[in-house]
Amino acid sequence: MALADPSNQAAPARKQSPDNVNLMAPSVKRFFDKAAEEGVYFRAGFNEEIAGNVSGGLRKGVTASEYATVGMDLDLQKLVGWDQAALHWTIIALHSKGLNREYIGGGVDSQENYAPFNLVRFLNLTLEQRFSLQHDNDLNVIVGRMGALPYFAQSELTCQFMNHAFCGVLYGFPQSTGTAVAPVSSWGGRVKFSPTPRTYMQFGAFVADDTTFDEGTRLFDLGTQHIHGTNYMVETGYETHFNDEAKPRYYRLGASYLDAERSDVLLNTDGRERWKYGGSPKTQRGETAVYLTGGQVLQRPDVSSRRNLAAFGSVYYNLDDAEAIQYTLKAGLVKTGTFAGRDEDTVGLGVSQVRFSSKEVDYLSGMRSVGGGHSNVSSHEEIVELNYGIHVAPGVVLMPNIQYTFNPDTRYTPTTPRDIQDTLVLGLQLNISFDKFMGLPHMSY
C-alpha cells in the first residue's frame, strides 16, 4: 500500500499556501505558526478506497478499506541546536477489507491500501541527519523504524492509481522478500549521497522480522528478538524537477539481496511438492532481485504551469525461483491538467503484467487438482486501469477509476477448481492531507 502522499513517509517539502491559511481561525493559525517557529510540525491524513466487481470473480461484492495517519516532524536544530537533524514519527490506523480476497478470489488487489489485518502501528519513527561534503546537504542518513520503498524506487506517477499493481512501484518486492513496506515497518537505515544536484547513489539495510506481519503486534512492540535476517538494497539514479528543467525526468536502477530464510513456494523439507505430500516448507536463504524504473514528462505546453503529459515504466525481476513472483512490468501515462480551470486534475492510464515463477504455477496447479480441477493455472495476469483524479480542494483528491484484470490468479483461493473469470472493477479513492488542506507549515526537507 502507499500513503496519501506517496513520495515519503516523512514530511513532504511543501511551502505554506496563502490560499489555505484562511481556512483556520486566527488563534489556530497562530498556534501552528508558533509551533513551526519552535521546530514542531504537524501532519495528518486519511485514505478511503471502495471497490466493487461488476463482472468476473467468484461472486459480486463491494468492500471498503481505509486508514488514517497522524504524525509530527521535529526540527532538532531549532529545538535543541542539533544542526541539520530531524526526528519524524507517523502512526497509522488501518481497517482493511479487500475486494479480491472477499469476492474475486485472487488477482492483484484492486485496493492498494489493502492489508490482511487491521492494526495501529508506527508507520515510521526515524532520525534524519544531513551532512555537507562536496556541496550543501549532499549526504543524507536516516535510521529507525521504516519501510524500504518510500526511499527506494520512488515514483509519484505510479501512485496516481488505485490498483496495487501500480501504486507501489515494485509490486512483487514485499511479496517475495517479506521486507516491511507500508503499513508495517521494521528497523532499518538508508545512506544517500548526491554528488551532483541531479545524480545520487544510496544504500539501505532493512531487517526481516515476521512479527511485523502479525496482527497481534502492538504499537510499542519495537524489539529486535524476532529479527532473522536483513534485506540489503542499493540504487543509483538521475532525476530532475520542475524548478530546474522544462520536462523533468527520473531513471533509477537498483538491486536487493535478502540475507534471510524464506519458505519455498512449492517444496517441503524433503524436496517434494507440498500440495501433494504436505509437510513444512523447505527454507531457502538468499535471494537477489533487480529493478529499473523511470518517468519522463513528454509534453508541457507552458513552462509557467505544471500542466503536462508524462510517461512511466518499470520492471522488477527476481533472479531466484523459490518465490511466487518471477517479474512484474508496468507502464502508463498521466495527464496533469485537464479541462479549463482544472490544472491539478489528472487522467491516468496504466498497464501491468505479473509473471509467476514455475514453482508457483506448479503449486497453484497442484492445489487446483486437490479442489477437483484438471487444468493448469495461467503463468501470468494483466491489469489495466483508467482513472480521473479530481482535486476537490487543496489536499483533497477524489479519484474514480475503472480496472480490468485478465487471468486473475488464485492465490487467495488456491483450491478453486477452475479459472477465475476476468474481472471488471469500479473503484473510488479518497485522499485527504489535512495539513495541506489547512495550510499548515511544513519542514523544508
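In this text the structure is predicted, and so the values were computed from the model without any measurement.

## Focus on the overall build of the protein chain
On a plain count of helices and strands, the protein chain comes out with seven helices and 16 strands. The globule rule puts the C-alpha radius of gyration for 445 residues at 22 Å, and the 22 Å found for the protein chain is close to it. Overall size of the protein chain, expressed as C-alpha extent along the three principal axes, is 65 × 50 × 40 Å. Within the protein chain, buried positions represent 53% of all 445 residues. For the protein chain, the share of sequence-separated contacts (at least 6 apart) that also reach a separation of at least 24 residues comes to 67%. Roughly 19,300 Å² of accessible area belongs to the protein chain as shown, and the carbon and sulfur atoms make up 58% of that amount. For the protein chain, the separation between the mean place of its 39 positive charges and that of its 49 negative charges on side chains is 2 Å.

## Side note on helix α1 (residues 26–38)
Its 13 residues place the ends of α1 18 Å apart at the C-alpha level, agreeing with the 18 Å of an ideal helix rising 1.5 Å per residue. Against the buried residues of α1 lie β1 (40–55) and α2 (76–80). Looking one or two residues beyond α1, the residue adopting positive phi is Gly39, at roughly 105°.

## Description of the state of the cysteines
Enumeration according to the criterion identifies one disulfide in this entry. For Cys159, the disulfide goes to Cys167, at an S-S distance of 2.0 Å. Since a negative S-S torsion denotes a left-handed disulfide, the Cys159-Cys167 link at about 85° is right-handed.

## A few points about the environment of Asn308
Tracing the sequence through the fold places Asn308 in strand β11 (residues 308–318). A relative accessible area of 6% means that Asn308 is categorised as buried. The spacing of Asn308 and Ile91 is 217 residues in sequence and 34 Å in space, taken between C-alpha atoms. With residues up to four places along the chain from it excluded, the contact list for Asn308 reads Phe242, Val297, Gln299, Arg300, Val334, Lys335 and Thr336. There is a polar contact of 2.6 Å between the side chain of Asn308 and the backbone oxygen of Arg306.

## Observations concerning a nonpolar patch on the surface
Among the surface-exposed residues, Val54, Leu349, Leu386, Ile402 and Leu426 lie close enough to one another that they form a single nonpolar patch of about 410 Å² accessible area. Tracing the chain through its elements places Leu386 in strand β14 (residues 380–393). Assessed through its relative accessible area of 43%, Leu386 is described here as partly exposed.

## What to know about the pattern of salt bridges
Scanning the model with the defined rule gives 17 salt bridges in all. Measuring nitrogen to oxygen at the nearest pair gives 3.9 Å for the salt bridge that ties Asp321 to Lys359. Linking Asp321 in the loop between β11 and β12 (325–336) with Lys359 in helix α6 (residues 358–370), this pair joins segments that are 38 residues apart in sequence. On the accessibility criterion, Asp321 (41% relative accessible area) is partly exposed.

## Focus: the environment of Lys97
Of note, Lys97 is situated in the loop between β3 (85–95) and α3 (99–104). Along the chain, Lys97 and Glu66 lie 31 residues apart, while their C-alpha atoms are 8.5 Å from each other. Among all residues touching Lys97, those that are not within four sequence positions of it are Thr63, Ala64, Ser65, Glu102, Gln111 and Tyr114.

## Topic: the pairing of strand β6 (residues 186–196)
Note: strand β5 (residues 139–146) against β6, eight bridges, orientation antiparallel. Within the sheet, the bridge partner assigned to Gly144 lies in β6 and is Gly188. By the bridge criterion, seven bridges tie β6 to strand β7 (residues 199–209) in an arrangement that is antiparallel. Across the sheet, the residue bridging to Gly189 is Ala205, located in β7. The antiparallel hairpin formed by β6 and β7 contains two residues in its connecting segment.

Calculation criteria
- Residues numbered from 1 in each chain as written.
- Predicted model: local features only at pLDDT ≥ 70, side-chain atom pairs only at ≥ 80, totals over all residues.
- Heavy atoms only, no water.
- Helix = DSSP H or I, 4+ residues; strand = E, 2+ residues; numbered from the N terminus.
- Rg over C-alpha atoms; globule rule 2.2 N^0.38 Å.
- Buried < 20%, exposed > 50% of the residue type's maximum accessible area, 1.4 Å probe, protein only.
- Contact = heavy atoms within 4.5 Å.
- Areas by Shrake-Rupley, 256 points an atom, 1.4 Å probe, with all protein chains shown as cover.
- Lys, Arg positive; Asp, Glu negative; His and termini not counted.
- Charge placed at Lys NZ, Arg CZ, Asp CG, Glu CD.
- Expected span 1.5 Å × (residues − 1).
- Disulfide = S-S within 2.5 Å.
- Polar contact = N/O pair within 3.5 Å; in protein donor to acceptor, adjacent residues only side chain to side chain.
- Patch = residues over 30% accessible without salt bridge, like charges linked within 9 Å, V, L, I, M, F, W, Y side chains within 5 Å.
- Salt bridge = Lys/Arg side-chain N within 4 Å of Asp/Glu carboxyl O.
- Pairing = 2+ DSSP bridges.

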